[in-house]
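# Understanding the architecture of this molecule
Spelled out from the first residue to the last, the chains are:
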Amino acid sequence: MTAVTATDDRGAARVPVHGLTVLYDAECGLCTHLRDWLVRQPQLVPLELVPAGSPEARTRFPGLDHSATFDEVTVVGDAGQVYRETAAWIVVLWALREQRPLAHRLSTPAGARLARGAVLAAAWWRGGLGNGKPFRREDGWVYEPAVGWIFNPPGCSDGACATG
């Protein structure tokens, strides 16, 4: 595993970051909780928090795949840098005064594995039955160590699966 880098950086090594826009899912309880936490933190680099897929996000970033911003954390730097998933989490921590040392540790190959685990844990929580509820075996969730949680709702073996 290599150190975390921007996925589309337009020369991020040469271009200083003076501001970041965090695209977050305004319908997600975890996402809005983190948004509220971020705005209370002392920032070394200003963060703007914009709902993913909103008219503002689409106007400001017309070349961005806005449907993907609901599936993965996306942060856009003021010089056009685009950070996704683990790199996005790390760059947001880097922007915060009290979290910058942690961001530096997470940007190493070993730290990136830890950060990736945190991203996957957040995705698991966020995806749990659609609203942050835990996965429960009685609802049809089964944990397979090789692949994670698999949803097989009761009654699907006969082809009459309940939706919703």
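Everything numeric in this text was worked out from a predicted model, so none of it was measured.

### Notes on the sheet that holds strand β4 (residues 82-84)
Strands sit in the order β2-β1-β3-β4 across an open sheet of 4 strands; the sheet is mixed. The open sheet has two free edges, formed respectively by β2 (47-51) and β4, since each of these has just one partner strand. Across the sheet, the mean angle separating the axes of adjacent strands is 25° when strand polarity is ignored. Taken together, the 3 bridges between strand β3 (residues 74-77) and β4 define a ladder with antiparallel strand orientation. Paired with Val-76 across the two strands is Val-82, which belongs to β4. Together, β1 (20-24) and β2 form the strand contacts of helix α1 (residues 29-40), whose direction differs from that of β2 by roughly 155°. Packed on one face of the sheet, helix α3 (residues 85-95) meets β1, β2, β3 and β4 and runs near 110° to β4.

### Some points on the nonpolar core
Leu-20, Leu-47, Val-75, Tyr-83 and Val-92 are the most contacted members of the largest nonpolar core, which totals 19 residues. Those elements that place two or more of their residues in this core are β1, α3 and α4 (100-106). Setting aside chain neighbours within four positions, we find Leu-47 in contact with Leu-20, Val-22, Leu-38, Val-92, Ala-95 and Leu-96. If you look at the next biggest cluster of nonpolar residues, it comprises 8 residues, including Leu-23, Val-50, Phe-61 and Val-82.

### Quick word on the packing of aromatic side chains
Taken as a whole and judged by the stated rule, the model has 0 aromatic pairs. Over the ring of Trp-94 we find Arg-100, and its NZ or CZ is 4.1 Å from the ring centre.

### Comments concerning α3
α3 sits mainly inside the fold: 8 of its 11 residues count as buried. Along α3, the residues that are buried comprise Thr-86, Ala-87, Ala-88, Ile-90, Val-91, Val-92, Leu-93 and Ala-95.

### Topic: the pairing of β3
The two faces of β3 match: Thr-74 and Val-76 on one face and Val-75 and Gly-77 on the other face are all buried. Across 4 bridges, β1 lies against β3 in antiparallel orientation. Pairing of Val-22 across the sheet is with Val-75, part of β3. Hairpin connection from β3 to β4: 4 residues lie between these consecutive antiparallel strands, with Gly-80 at a positive phi of about 95°.

Rules of the game
Residues numbered from 1 in each chain as written. Predicted model: local features only at pLDDT ≥ 70, side-chain atom pairs only at ≥ 80, totals over all residues. Heavy atoms only, no water. Pairing = 2+ DSSP bridges. Helix = DSSP H or I, 4+ residues; strand = E, 2+ residues; numbered from the N terminus. Axes fitted to C-alpha atoms, helices over the stretch in contact; angles between N-to-C directions. Contact = heavy atoms within 4.5 Å. Core = buried A, V, L, I, M, F, W, Y, C linked by side-chain atoms within 4.5 Å. Buried < 20%, exposed > 50% of the residue type's maximum accessible area, 1.4 Å probe, protein only. Phe/Tyr/Trp six-rings, centres within 6.5 Å; stacked < 30°, edge-to-face > 60°. Lys NZ or Arg CZ within 6 Å of the ring centre and 35° of its normal.

Distances and angles like these do not, on their own, reveal function.
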